[in-house]
Amino acid sequence: MKIYIMYFLIVFNLFSETLILASFNTLHLGWDGKNYHDTAEILSLFDIIALQEVMKKEGLTSLVKELESVSDEKWSYHLSPYAAGNGEKYNEYYAFIFKDKKVKFVKSIGFYPEKNNEFIREPYGAMFKSNKFDFILVNDECYSEIYFDENTKPASLLEASIFVGNSEFKNVLVMNS
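Here's a quick rundown of the structure. (Residues numbered from 1 in each chain as written. Predicted model: local features only at pLDDT ≥ 70, side-chain atom pairs only at ≥ 80, totals over all residues. Heavy atoms only, no water.)

**A closer look at the overall build of the protein chain**
So, step 1. Helices and strands together make up the secondary structure of the protein chain, namely three helices and eight strands.
So, step 2. Ordered by position from the N terminus, the helices and strands of the protein chain form the series β-β-α-β-α-β-β-β-β-β-α.
So, step 3. A buried classification covers 40% of the 177 residues belonging to the protein chain.
So, step 4. Long-range contacts, defined here as pairs at least 24 residues apart, represent 59% of the contacts in the protein chain between residues at least 6 apart.
So, step 5. Counting only carbon and sulfur atoms, one obtains 52% of the accessible surface of the protein chain, whose full area is about 10,800 Å². (Helix = DSSP H or I, 4+ residues; strand = E, 2+ residues; numbered from the N terminus. Buried < 20%, exposed > 50% of the residue type's maximum accessible area, 1.4 Å probe, protein only. Contact = heavy atoms within 4.5 Å. Areas by Shrake-Rupley, 256 points an atom, 1.4 Å probe, with all protein chains shown as cover.)

**Observations concerning the environment of A50**
So, step 1. Assignment of secondary structure puts A50 in strand β3 (residues 48-54).
So, step 2. Exposure remark for A50: the relative accessible area of 4% places this residue in the buried category.
So, step 3. Along the backbone, A50 and Y94 are 44 residues apart, and their C-alpha atoms lie at a distance of 7.5 Å.
So, step 4. With near-sequence residues (within four places) excluded, A50 lies in contact with A22, S23, F24, A95, F96, L137 and N139.

**A closer look at the packing of aromatic side chains**
So, step 1. Taken as a whole, this structure holds nine aromatic pairs when the rule is applied.
So, step 2. Relative to F128, the ring of F98 has its centre 5.5 Å away and its plane inclined at 70°; by these criteria the two rings are edge-to-face. Here F98, found in strand β5 (residues 93-99), pairs with F128, found in strand β7 (residues 124-130); they are 30 residues apart in sequence, far enough to count as distant.
So, step 3. Exposure remark for F128: the relative accessible area of 0% places this residue in the buried category. (Phe/Tyr/Trp six-rings, centres within 6.5 Å; stacked < 30°, edge-to-face > 60°.)

**Points about the packing of helix α1 (residues 36-43) against helix α2 (residues 57-71)**
So, step 1. In the contact formed by α1 and α2, the axes pass within 9 Å of each other and the chain directions differ by 60°. As judged from the angle between their axes, α1 and α2 are oblique. The two elements α1 and α2 meet at a crossing, and its hand is right-handed. Counted together, Y36, H37, T39, A40, E41 and L43 of α1 and G59, S62, L63, E66, L67 and V70 of α2 form the full contact between these two elements. (Axes fitted to C-alpha atoms, helices over the stretch in contact; angles between N-to-C directions. Parallel < 35°, antiparallel > 145°, perpendicular 65-115°, else oblique. Left-handed = near helix turned anticlockwise from the far one by under 90°.)

**Points about the pattern of salt bridges**
So, step 1. Overall, the coordinates contain six salt bridges when judged by the stated rule.
So, step 2. One network of salt bridges, in which partners are shared, links D47, E73, K99, K101 and K102. (Salt bridge = Lys/Arg side-chain N within 4 Å of Asp/Glu carboxyl O.)

**With respect to the environment of A83**
So, step 1. Structurally, the position occupied by A83 is in the loop between β4 (75-79) and β5.
So, step 2. Residue A83 is classed as buried on the basis of its relative accessible area of 13%.
So, step 3. Distance from A83 to M55, taken between C-alpha atoms, is 8.5 Å for residues 28 residues apart in sequence.

**Examining the sheet that holds strand β6 (residues 104-111)**
So, step 1. Here we have three strands laid out as an open sheet, ordered β6-β7-β8, and antiparallel in their pairing. The open sheet has two edge strands with one neighbour each: β6 and β8 (133-139). Taken pair by pair, the neighbouring strands of this sheet meet at an average axis angle of 20°, ignoring direction. (Pairing = 2+ DSSP bridges.)

**With respect to the pairing of β5**
So, step 1. Extensive coverage of β5 is indicated by the burial of six of its seven residues.
So, step 2. With five bridges connecting them, β3 and β5 associate as antiparallel partners. Each residue of the ladder has a partner; that of I48, found in β5, is F98.
So, step 3. When β4 meets β5, the two strands line up antiparallel, connected through five bridges. Residue H78 lies in a different strand from β5, and its bridge partner there is F96.

Everything listed here is a matter of coordinates, which is why it stays silent on function.
As structure tokens, then:
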């Protein structure tokens, strides 16, 4: 069986400071059988990472401890306040992990307020600060190719930007798989 791990990389140059962002599907972080060391080796190359499929807070704290050991730097995290989706037995959280010397957590923006169950797992956003630059990072495990009605496609993150009043998409970056 082959396991595919996908992540996206974005590099920002903010006021002469480079900030390296990634999005990473952790494939059930917190369940048994995870190799936290190898995962930390990869993730330590980034400054802030949006994580999907976080199953247990304990998995997240174990990953942060391993990141600190591997990188010899202080890391913090922000975990969504509740699981995304509507499963009774299967719940996934979103999380963000970040290097303390580069990124500060400002506040939770929350889950996208869907009206018609547009998302399998609602996107979740949080505001961060790096140097003098504030930014919002939206975490979404998107299955845009999987929807139940060909005539009603799922909402996009650009539509979510319009929803919150940013129809010019000022400071918006969308990454898709």
